[in-house]
Amino acid sequence: MKSMKMIRSLQNILVTGGAGFIGGNFIRVMLEKTPDFTGRIINMDALTYAGDAASLTDIEKKYGGSRYHFEHKDIRDKAAVDNIFKKYAIDTVVHFAAETHVDRSIVKPDDFITTNVMGTFTLLEAARAAWRNGNSAGNGVVPVAGGDSIRSGVVFHQISTDEVYGSLGDSGYFTETTPYSPRSPYSASKAGADHLVMAYHHTYKLPVTLSNCSNNYGPYQFPEKLIPLMILNMLNGKPLPVYGDGKNIRDWLFVEDHNRAVWLILKHGRTGEKYNIGGENELENIHLLRLLMKIVAKKTGRDIKEIEKTINFVKDRPGHDRRYAIDCSKIKNELGWQQSVNFEEGLEKTVDWYIDLVR
Ligand code: NAD
């Protein structure tokens with residue numbers, strides 16, 4: 001059942017966290033590879049350790065001041081958020097900004113709660129005030145009751161993760177109706193934000209969409225995450241730390257495929273709906289590592305047996321989810337989305353990018 005009835009005209013898109021890995025790629029995809037998008041992007045990012053404005057220098061040069069605007073601001077700063085809605089007449093929010101590293105959330109959850117939960121709340125309140133009928137200028141005044149109507153042609157898209165669903169055994173898949181069962185402070189904070197987003201739809205009729213995606217990979221990812229960490233450690237001859245027995249399973253998707261799905265949801269997704277996005281590409285971490293070793297050895301001429309000696313099994317992460325796997329048939333059937341990048345080709349592109357980085 002393909003239904004492409006909903007067509008939103010999106011002109012002033014607020015991207016939060018656009019100096020990060022997936023948000024930055026979204027901006028590239030929108031400005032460079034999406035001819036049916038003719039509007040502008042406002043990138044609001046606090047530039048935490050994970051954000052790098054310089055990763056978009058080429059975009060700034062090409063589109064800066066016209067179709068691309070950077071605002072170095074924190075989503076927890078209510079005055080700043082309200083001002084951005086007003087200054088740019090925001091009609092669309094694509095909310096990527098978050099604290100994202102599970103290990104950090106275990107050591108120090110504080111920023112996960114304030115950014116992921118309170119930051120999302122701040123954005124929702126700003127959208128509700130700015131998009132209230134009779135308040136098209138967005139003066140930051142929050143309506144007192146839930147009865148006020150929201151103008152049409154606006155949407156708030158929440159970027160979420162498959163981790164909110166918890167952990168699977170050897171079989172089964174997460175669907176859009178799988179109950180949330182987060183198990184780390186990171187996934188709990190994302191789940192809290194998702195619940196708020198859906199509550200704002202049900203209570204205040206805020207037009208929202210939400211997507212839960214599996215693990216992304218590709219260029220520009222901060223090297224604390226599995227794939228870039230392993231590639232860079234291989235390139236620098238450092239140990240390759242593998243949690244537990246290395247048999248935890250993740251589903252991997254090339255970042256650009258994720259963002260093409262987000263664009264489809266923005267344009268055609270049904271208001272108030274959740275969509276799962278996945279690679280249908282499940283792999284044990286140790287298997288992924290061996291693939292990376294093969295590619296790095298081929299590209300650098302190093303002996304794969306030498307790289308293999310640097311594998312170092314370390315004590316497992318507390319509460320380490322065993323398996324994630326996504327059923328993404330809804331977005332395929334409803335919106336005609338499909339993964340387009342073959343996993344080995346995507347990994348090769350990614351390794352090439354990190355080889356260039358260390359040169
Ligand atoms: P990232 O860590 O690379 O980037 C996060 C960005 O958010 C950074 O630029 C950072 O500076 C910014 N940021 C953090 N706190 C902020 C604040 N208070 N105000 C403004 N900006 C702030 O993250 P990512 O991997 O690109 O993930 C983006 C989103 O996608 C997150 O919401 C994450 O939960 C979700 N997600 C990620 C994956 C994945 O595999 N990486 C998978 C599914 C969903």
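Here, every reference points to the structure presented above.
Computed from a predicted model, the values in this text were never measured in an experiment.

**What to know about unusual backbone geometry**
Across residues other than glycine, the phi torsion is negative in most instances, and most of the peptide bonds are trans. One non-glycine residue, Leu47, adopts positive backbone phi at about 50°. One can find Leu47 in the loop between strand E2 (40-44) and helix H2 (57-63). For Leu47, a relative accessible area of 28% translates into the label partly exposed. Here Ala89, not a glycine, exhibits a phi torsion of approximately 45°, which is positive.

**Things to note about the pairing of strand E6 (residues 208-213)**
Burial within E6 is extensive, with six of its six residues counted as buried. Residue alternation in E6 divides its side chains into two sets, Val208, Leu210 and Asn212 and Thr209, Ser211 and Cys213, and both sets are buried. Sheet analysis places strand E5 (residues 155-161) next to E6, joined by six bridges and oriented parallel. Paired with Ile159 across the bridge in E6 is Ser211. In this view, the connection linking E5 to its parallel neighbour E6 by way of helix H6 (residues 185-204) has right-handed handedness. Where E6 and strand E10 (residues 274-277) come together, four bridges link them in parallel fashion. Note on E10: the bridge partner recorded for Asn212 is Asn276.

**Quick notes on the site of the ligand**
Around the ligand, a shell composed of 29 residues is seen, among which Ile22, Asp45, Thr100, Tyr186 and Lys190 lie nearest. With respect to the ligand, the backbone of Phe21 contributes an N or O atom lying 3.1 Å from an oxygen atom. For the ligand, whose accessible area on its own is 840 Å², the fraction buried by protein is 96%. For the shell around the ligand, the elements supplying multiple residues, two or more each, are helix H1 (21-33), E5, H6 and strand E7 (215-217). When residues in the shell around the ligand are grouped by element, the largest group, three residues, is from E5.

About the thresholds
- Sequence order as written defines the numbering, with residues in each chain counted from 1.
- Given that the model is predicted, a residue must reach a pLDDT of at least 70 before its local features are reported, and side-chain atom pairs must reach 80 or more before they are shown or counted; all residues, however, enter totals for whole chains, interfaces and linings.
- Computation of side-chain values: all heavy atoms of the structure, hydrogens and water removed.
- To qualify as a helix, a DSSP run of H or I must reach at least 4 residues; to qualify as a strand, a run of E must reach at least 2; elements of each kind are numbered from the N terminus.
- Using a 1.4 Å probe on the protein chains alone, a residue whose accessible area is under 20% of its type maximum counts as buried, one over 50% counts as exposed, and one in between counts as partly exposed.
- At least two bridges found by DSSP between two strands are what make those strands a pair.
- Crossovers are described as right-handed under a simple rule: with the strands pointing away from the observer, the path leading from the first strand over the helix to the second runs clockwise.
- For this description, a residue counts as near a given molecule or strand if any of its non-hydrogen atoms is within 4 Å of it.
- Under the rule applied, a polar contact is a pair of N or O atoms within 3.5 Å (in protein, one hydrogen donor and one hydrogen acceptor; residues adjacent in sequence only if both atoms are side-chain atoms).
- Areas reported as accessible are Shrake-Rupley estimates using a 1.4 Å probe. Residue values count occlusion only from the protein chains shown.

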